[in-house]
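Geometric and topological summary
Residues per chain are reported as follows:
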Amino acid sequence: LDHFFLFAGDANLESLVKVFHAFLLTRMAFERPPILLTASPNQDGSLIALGSETGFCVVATARGEELCRREIGGVHLIALSFCSNILALVGGGRNPVDAKNKVCIWDDQQQSIVYDIEYKTPVLGVGFRKDRLFVTLSDRAFVYRTTNPFSLSLIQTIESYENPLGLFDVCPHSLHPLLAMPGRQRGHVHIVDLRLDDHLTSVMVPAHQHALAALALSRTGDLVATASDQGTLVRVFSVATRDMLHELRRGYTSAKVISLAFSSDSAMLAASTDFSLHVFVLTPRTPPVPGAPAPAPLHYSVTFDAPTKLFCFWTRMASDGERLIAVRGDLTWREYAPPSDGTTTLALTKFGRLLRPDPSALFRVKEPS
């Protein structure tokens, strides 16, 4: 402040105050934390990639260690290819890494874009599976074969109902290469078997009357979970028979369901909205009376004060079994232990803040007051 008035002399004090105010606003804009735009796990949940207005970072979920951070421009969508150095990026934010209608393939070993694909409309979804790349636009999905060194060849184009969220999910299981995406009718799920490139077999699951807001395949590909834009119910279907196995009540008021995720054994299903996290226990429980209907799945939830984006994933820890990871738009990271018999709430095991100036000591155990 002294520098602003050192040579002020007879200058107008009001003008100096305005200049100083503009200086503070500019400094705050540069020093404010980046805004989280997206979060995406790799195929086994061991890594999570985060896209922000300034770039991306990759975090090892078991250790809570930030493995890399690249300030290359805004990243709206990001996908990891297992634990390799290859990522797919789509630009976003105020200063995007590239146009929103491009998929950029980033080689972190070279720390550069090594391949890109341009479309006529914005890219809304991107993901990997083994030697496949998937890209979704508002009305179709593209399936590519990938080769090493990196190159792409288009295998199939699949049309869909209007898909403004770019919804899709891919089963990572080697014996069940399935793709799930919105079908050609509102509220339907199109499940495609990718084993035969030229003659893809598929089924349609009539899941909801309203448009889909979220969907997820189980790790083994035998189940698909869906939520509509009403957000009150989450449904679980058998892929083989298309029968509805569970109808899960998230709440009675409308909400935007952002993500769905099965645990590795399909015993639990997590769902997130912009203000709450839910876990449903799907495993059959013994009826209290022989021959009576089985009890409804157990439902656990956590509610947050301020609404923001909330992404949820399951990951397996080496010593502690499976954990539920929740990443919020305010750059906080929470790890929960799965519910066990006799518990009534989700147990918070770790809490941390992402994209800190110092990436060390990412986690702390105590919830902030």
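No experiment lies behind these values; they were computed from the predicted model shown. (Residues numbered from 1 in each chain as written. Predicted model: local features only at pLDDT ≥ 70, side-chain atom pairs only at ≥ 80, totals over all residues. Heavy atoms only, no water.)

1. Overview of the sheet that holds strand E1 (residues 36-41)
On the basis of which strands lie adjacent, the open sheet formed by four strands has the order E1-E2-E3-E4 and antiparallel pairing. With partners counted over all chains shown, the strands left at the sheet margins are E1 and strand E4 (65-70), one partner each. Across the sheet, the mean angle from the axis of one strand to that of its neighbour is 20°, orientation sign disregarded. Pairing of strand E2 (residues 47-52) with strand E3 (residues 56-60), which is carried by five bridges, proceeds in the antiparallel orientation. Pairing of Gly51 across the sheet is with Phe56, part of E3. (Pairing = 2+ DSSP bridges. Helix = DSSP H or I, 4+ residues; strand = E, 2+ residues; numbered from the N terminus. Axes fitted to C-alpha atoms, helices over the stretch in contact; angles between N-to-C directions.)

2. Here we look at the packing of aromatic side chains
Evaluation of the coordinates by the stated rule reveals five aromatic pairs. Their ring planes at 70° and their centres at 5.8 Å tell us that Tyr115 and Phe150 sit as a pair that is edge-to-face. Taken as a pair, Tyr115 in strand E8 (residues 112-118) and Phe150 in the loop between strand E11 (140-147) and strand E12 (151-159) lie far apart in primary sequence, 35 residues in all. A network of ring pairs unites the aromatic residues Tyr119, Phe142 and Tyr144 as a single cluster. Positioned above the aromatic ring of Phe304, the side-chain terminus of Arg328 is 4.4 Å from the ring centre. (Phe/Tyr/Trp six-rings, centres within 6.5 Å; stacked < 30°, edge-to-face > 60°. Lys NZ or Arg CZ within 6 Å of the ring centre and 35° of its normal.)

3. Focus: unusual backbone geometry
Its identity is not glycine, yet Lys130 carries a phi of approximately 50°, on the positive side. Along the polypeptide, Lys130 turns up in the loop between strand E9 (125-129) and strand E10 (132-136). Residue classification places Lys130 among the exposed residues on the basis of a relative accessible area of 58%. Here the phi dihedral of Ser266 falls at roughly 65°; this positive angle occurs in a residue that is not glycine. Structurally, the position occupied by Ser266 is in the loop between strand E21 (257-262) and strand E22 (268-273). When its relative accessible area of 12% is taken as the criterion, Ser266 is described as buried. (Buried < 20%, exposed > 50% of the residue type's maximum accessible area, 1.4 Å probe, protein only.)

4. A look at the sheet that holds strand E19 (residues 233-238)
With antiparallel pairing, four strands are arranged side by side in an open sheet as E17-E18-E19-E20. Among the strands making up the open sheet, the edge pair consists of strand E17 (212-217) and strand E20 (244-249). Pairwise comparison of adjacent strand axes, ignoring direction, gives a mean angle of 15° for this sheet. In terms of strand pairing, E17 meets strand E18 (residues 223-228) through five bridges, oriented antiparallel. The residue bridging Ala216 from the neighbouring strand is Ala225, located in E18.

5. Let's talk about the side chain of Arg328
With respect to the secondary-structure elements, Arg328 resides in strand E26 (residues 321-328). Taking relative accessible area as the criterion, Arg328 reaches 5% and is therefore assigned buried. Arg328 has contacts with Leu36, Asp274, Phe304, Ala306, Pro307, Thr308, Lys309, Leu310 and Arg334, leaving out every residue within four places of it along the chain. (Contact = heavy atoms within 4.5 Å.)

6. A look at the pattern of salt bridges
On inspection of all chains with the given rule, the structure shows 10 salt bridges. In this structure, Arg132 engages Asp131 in a salt bridge whose closest nitrogen and oxygen atoms are separated by 3.1 Å. Between Arg328 and Asp330 there is a salt bridge, with the nearest N and O atoms lying 3.3 Å from each other. (Salt bridge = Lys/Arg side-chain N within 4 Å of Asp/Glu carboxyl O.)

7. Thoughts on the side chain of Thr146
Following the sequence through the fold, Thr146 ends up in strand E11. For Thr146, a relative accessible area of 13% gives the class buried. Leave out the neighbours within four places in its chain, and Thr146 touches Lys130, Asp131, Arg132, Leu133, Ser151 and Leu152.

8. Section: the environment of Asp305
Position of Asp305 among the secondary structure elements: in the loop between strand E24 (298-303) and strand E25 (310-317). Remark: the alpha-carbon pair of Asp305 and Phe275, spanning 30 residues in sequence, is separated by 7.0 Å.

9. Remarks on the nonpolar core
Within the largest apolar cluster, 18 residues are counted, with the highest numbers of intra-cluster contacts made by Val103, Tyr119, Val126, Leu133 and Val135. Residue assignment for this core shows that the elements contributing at least two residues are strand E5 (75-80), strand E6 (86-91), strand E7 (102-107), E9, E10 and E11. Residues within four places of Val126 in sequence aside, it is in contact with Leu77, Ile78, Ala79, Ala88, Val90, Val103, Leu133, Phe134, Val135 and Phe168. (Core = buried A, V, L, I, M, F, W, Y, C linked by side-chain atoms within 4.5 Å.)

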